[in-house]
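# Analysis of the macromolecular model
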Amino acid sequence: MRFIPTMLATAVATSIFSVAVTAQEQDAVQQQDKSLINISAILNAGFTSRDNDFEGIGALPVDGDHAGGPEDGFWLDHTELALSGAVDDMFYGKLTVVLEEHDDSTEVEIEEAFVQTMGMPYGLSVRAGRFLSNVGYLNSKHAHTDSFVDRPIAYRGLLGRHYYDDGVRLNWVAPTDIYVELGAEAFAGGQYPASSGDTVGSQVAYAKFGGDISDSTSWQAGLAWLRTDNDPNECSSHDHDEEEDHDEHEHEVVEFCDFDGDKDFYVADLVFKWAPGGNYKYESLTWQTEWIQADEDGRIAHEEHDEDHDDHEEEGEWEAFDAKNTGWYTSLVYQWSPNWSAGVRYSEIDVDAAYDEHEYKPKAYDAMIQYNHSHFSSLRLQFTRDESIDGEEDDVISLQYTMAIGDHGAHTF
Amino acid sequence: MRIHSKLVGLWVVGLLLASPAQAMNIFACEPEWAALARELAPDANISSATTAYQDPHFVQARPSLIAKLRRADLFICSGSELEIGWLPALQMRANNPAIRDGQPGAFYAAEQVERLDVQEQVDRSMGDVHAGGNPHVHWSPSRIASIAKALAARLQQLDGEHAALYQQRLDDFLMRWQQHIGQLSAQAKPLKGTAVVAYHTSYRYLFDWLNIEQVGDLEPKPGLPPSSGHLASLVSLQQQQPFALIIFSDYHDDKGANWLATKTGVPAMRLAYSVDPNKPEMQDLFALYQSVIEQLLQSVSAHD
């Protein structure tokens, strides 16, 4: 009598065991489907025809490295190599290395090297390391996802092509029907447009909102504030044209590193996307616009040319300096087939009289047409009427390809 | 207003049952999984990220979806890379640890069953091929049954309090499903051996079930839109290997199919792809299967 229950127990145990094994095998199969590390490369190059290479944007204190558009002739720009994946069950990590060509030398930049928490409760998340700041809409996006060859003039003239830095971010997604994300970032302040000597050199606070108006239309809006400062002792400008241009300085030009004081950037962005029935494969329309104000409050080193200025940096005279530059852009891109899209963009900057007594408004008009063979390859032809510099109207034509190989991550809205 | 009063009704029922737990929030990537969730967990708050008229490969990781996923206790998606272009971005930004991959709140339907066309080696020159196999599994009746079982087990794991209720609903669903499929299989017999050209491999499992043979694809490679050169090759295919129907889904463009139809005289037909709760003929999985098979039967008999 005793061995019947034993047999039963064995049978039950065996069946449980076999179920467990099947489940394990299934897990193993699923694990194989997802590789441990995602590797992707973005290949981006083109040819540009223009009369004048980059000479600045109005009288703004910018340099070609951070503010220039495509240069005349063949170029290779923003070649990107990214590695990403789950670190363990708690962290996700990503490394993005960007190769850029400047004045015949190849520069390797680490654009992103961050870890992010994946398991924090209450809708919270922390990101630490080097990453693209969430100030503005375009800033946190990789250049290869843009619809135009270059960033709009409002970005290049004020924030630079993008602001990334070393630091930490805390963000919170609200448990609401409407999308609300609030975040705060603290950075070293060592990357353009920050040049701070403080331990925590820049701070960002941002809010993002979004929702659907219908199946066909979605929107997102954002507000952000970036506070940083410029410390001339920490500053190094990449202005390659400085020497050649020196003779042309009829009146005093404020360079990036002359300024000592606080910088506040206020950014507002709004994006609408539309596709019939929400089916983005065949037809869609994207309208996006951003407004950026850069508020500078501090002093500038005042060069007295007729005096002995051996040690003017230490003892030189300072002059109060206060400027408010405001830029914006708006763009509309229409996609009418799985392969084709076209778009227009306008951007300008209202330059403060402190920089330019004539208050010349740098501006650019763009029109582009793009062919996508697949989701991973695109060919773009762009025409730009570039009026960055007073009196120089440059008609720029660029032909560019952007291609992605490897595990290409999902795109954000 | 109807939906509103229904929700209030559900809420009152919930209160009467004195259930201390809140209704579960379920995020379905596609409407077919929202429909399956409604069969097993009708009291849950269920939303679908896409409609039956959207290509599930091309969905924007839009803010409203981040907000929904933020509050989800469970997501039900196809997996097998169908949502690879948008779901990871949502998971990344939703800040919800419950729905990370590997957690009980992450449920990939296609990964619960054996898939067709699993690729040993995939490279992008082959087009947008899913290495893990065809993800459009909701067109396989037997796989729907397996997925329903796995989903019920997952719901029991997440909401143990109502385990018996989920079991009861599963049993009820499986019984009705088997009966429905039995009838449809018998009805669909004349479709056996029909040769068709279709847009993408969206109906791979339907054709497998009904023994319909897809002899050509409007796409030159998976994910690439029909090109004129490729469509011309399908015209000559008609001479060598005659096909009776050109099929495209609700979310596909009809241009290529119509062009081929005028060149070959073979009828082009738009088939429903997924569930639309607002249309009686597509309101759930039962109605969807029925209307698609009726549509196929009509066109085949009209052609004879």
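Higher on the page you've got the structure.
Keep in mind the model is a prediction, meaning the values are calculated, not measured. (Residues numbered from 1 in each chain as written. Chains lettered and ligands numbered in written order. Predicted model: local features only at pLDDT ≥ 70, side-chain atom pairs only at ≥ 80, totals over all residues. Heavy atoms only, no water.)

What follows deals with the overall build of chain B. Each helix and strand counted, chain B has 10 helices and eight strands in total. Scored against the burial criterion, the 304 residues of chain B give a buried share of 55%. Expressed as a percentage of contacts within chain B between residues at least 6 apart in sequence, the contacts between residues at least 24 apart total 64%. When the accessible area of chain B is evaluated, it comes to approximately 13,000 Å², of which 53% is carbon and sulfur surface. (Helix = DSSP H or I, 4+ residues; strand = E, 2+ residues; numbered from the N terminus. Buried < 20%, exposed > 50% of the residue type's maximum accessible area, 1.4 Å probe, protein only. Contact = heavy atoms within 4.5 Å. Areas by Shrake-Rupley, 256 points an atom, 1.4 Å probe, with all protein chains shown as cover.)

Glancing now at the packing of aromatic side chains. For the structure on display, the rule yields 25 aromatic pairs over all chains. Connected via pairs of aromatic rings, a cluster forms that spans B:Trp139, B:Phe173, B:Trp177, B:Tyr203, B:Phe207, B:Trp209, B:Tyr251, B:Tyr273, B:Phe286 and B:Tyr289. Directly above the ring of A:Phe114 sits A:Arg127, whose terminal nitrogen or CZ lies 3.8 Å from the centroid. Against the face of A:Trp318 rests A:Arg299, its NZ or CZ located 4.1 Å from the ring centre. (Phe/Tyr/Trp six-rings, centres within 6.5 Å; stacked < 30°, edge-to-face > 60°. Lys NZ or Arg CZ within 6 Å of the ring centre and 35° of its normal.)

All names here are of chain B. Direction vectors running N to C along helix α2 (residues 31-40) and helix α6 (residues 163-187) enclose 120°, while the axes themselves pass 8 Å from each other. Judged by the angle between their axes, α2 and α6 are oblique. On α6, the residues touching Leu 36, Glu 39 and Leu 40 of α2 are Tyr 166, Arg 169, Leu 170, Phe 173 and Arg 176. Tallied by class, residues from the contact of α2 with α6 come to five nonpolar, no polar and three charged. (Axes fitted to C-alpha atoms, helices over the stretch in contact; angles between N-to-C directions. Parallel < 35°, antiparallel > 145°, perpendicular 65-115°, else oblique. Nonpolar A, V, L, I, M, F, W, Y, C, P; charged D, E, K, R; others polar.)

The next point concerns the interface of chain A and chain B. Contacts between the two partners involve 56 residues from chain A and, on the opposite side, 39 residues from chain B. Carbon and sulfur atoms make up 51% of the area that chain A and chain B hide from each other, which totals about 3,800 Å². Inspection of the region where chain A meets chain B yields five salt bridges. As a salt-bridge pair, B:Arg62 and A:Asp212 come within 3.1 Å of each other at their nearest N and O atoms. (Buried area = accessible area lost by both parts, 1.4 Å probe. Salt bridge = Lys/Arg side-chain N within 4 Å of Asp/Glu carboxyl O.)

Residues and elements named next belong to chain B. Read from one edge to the other, the open sheet built from four strands follows the order β2-β1-β3-β4, with strand pairing classed as parallel. Bordering the open sheet on either side are β2 (45-48) and β4 (106-108), each of which pairs with just one other strand. The mean inter-strand angle of the sheet, taken between neighbouring strand axes irrespective of direction, is 20°. Across four bridges, the pairing between strand β1 (residues 25-28) and β2 is parallel. Each residue of the ladder has a partner; that of Asn 25, found in β2, is Asn 45. (Pairing = 2+ DSSP bridges.)

Applying the stated criterion across every chain yields a total of two disulfides over all chains. With its sulfur 1.9 Å from that of its partner, A:Cys235 forms a disulfide with A:Cys257. Residues A:Cys235 and A:Cys257 share a disulfide whose torsion about the S-S bond is about -70°; that sign makes it left-handed. Taken together, the positions of A:Cys235 in the loop between β10 (217-230) and α4 (242-245) and A:Cys257 in the loop between α4 and β11 (259-274) put the pair 22 residues apart, joining distant regions of the chain. In this structure, A:Cys235 and A:Cys257 share a single accessibility class: buried. With a sulfur-sulfur separation of 2.0 Å, B:Cys29 is cross-linked through a disulfide to B:Cys77. Taking the sign of the S-S torsion, about 60° here, the bridge from B:Cys29 to B:Cys77 comes out right-handed. Here the residue B:Cys29 occupies a position in the loop between β1 and α2, and B:Cys77 occupies one in strand β3 (residues 74-77), the gap between them amounting to 48 residues. Judged on exposure class, the residue B:Cys29 and its partner B:Cys77 are both buried. (Disulfide = S-S within 2.5 Å.)

Attention now goes to unusual backbone geometry. The omega torsion across A:Tyr192 and A:Pro193 is 5°, close enough to zero to call that bond cis. Note that A:Pro193 resides in the loop between β8 (179-187) and β9 (202-212). At B:Asp117, a position not held by glycine, the phi torsion is positive, near 60°. Relative to the helices and strands, B:Asp117 resides in the loop between β4 and α5 (141-158).

The subject of this paragraph is the nonpolar core. All names here are of chain B. Among the nonpolar cores identified, the biggest contains 63 residues, and Ile 247 and Leu 296 are the most heavily contacted of them. In terms of residue count, the dominant contributor to this core is helix α10 (residues 285-303) (nine residues). Counting the residues that make up this core, at least three belong to each of domain 1 (21-182) and domain 2 (190-303). Ile 247 has contacts with Val 196, Val 197, Ala 198, Tyr 199, Tyr 203, Phe 207, Met 269, Leu 271 and Leu 296, leaving out every residue within four places of it along the chain. (Core = buried A, V, L, I, M, F, W, Y, C linked by side-chain atoms within 4.5 Å. Domains from an automatic or database assignment.)

In this section: a negative patch on the surface. Residues A:Asp51, A:Asp53, A:Glu55, A:Glu71, A:Asp72, A:Glu101 and A:Asp104 make up a contiguous surface patch of negative charge. Inspection of the secondary structure puts A:Glu71 in the loop between α2 (64-67) and β2 (73-76). (Patch = residues over 30% accessible without salt bridge, like charges linked within 9 Å, V, L, I, M, F, W, Y side chains within 5 Å. Lys, Arg positive; Asp, Glu negative; His and termini not counted. Charge placed at Lys NZ, Arg CZ, Asp CG, Glu CD.)

This part is about the pairing of strand β1 (residues 38-49) of chain A. All names here are of chain A. As judged from the five bridges shared by β1 and strand β3 (residues 79-86), these two strands associate in the antiparallel manner. Paired with Ile 39 across the bridge in β3 is Leu 83. Of the strand pairs in this sheet, β1 and strand β17 (residues 392-406) are connected by 10 bridges, and their pairing is antiparallel. Bridge assignment links Phe 47 to a residue of β17, and that residue is Leu 399. Looking at chain direction, β1 and β2 are connected through four bridges and run antiparallel. Each bridged residue has a counterpart across the sheet, and for Gly 46 the counterpart in β2 is Trp 75.

Moving on, we get to empty space enclosed by the protein. Residues and elements named next belong to chain A. Evaluation of the coordinates by the stated rule reveals five cavities of 30 Å³ or more. Considering only enclosed or pocket space, the largest cavity measures out at about 110 Å³ in volume. The wall of the largest cavity is formed by 14 residues, among which Pro 61, Gly 157, Leu 158, Lys 263 and Glu 296 lie closest to the centre. When residues of the lining of the largest cavity are traced back to their parent elements, those giving at least two are α3 (153-158), β11 and β12 (284-302). Considered class by class, the residues forming the lining of the largest cavity number 10 nonpolar, two polar and two charged. (1 Å grid on protein atoms, 1.4 Å probe; cavity = no way out; pocket = protein on both sides within 12 Å on 5 of 7 lines; lining within 4 Å. Points joined across faces, edges and corners; volume = space filled by probe spheres on them.)

All names here are of chain A. Evaluation of the coordinates by the stated rule reveals 28 salt bridges over all chains. Among the ionic pairs, Arg 50 bridges to Asp 394, the shortest N-O distance being 3.6 Å. Note that Arg 50 is positioned in the loop between β1 and α2 and Asp 394 in strand β17, a separation of 344 residues in sequence. Accessibility expressed as a relative area gives 3% for Asp 394, which makes it buried.

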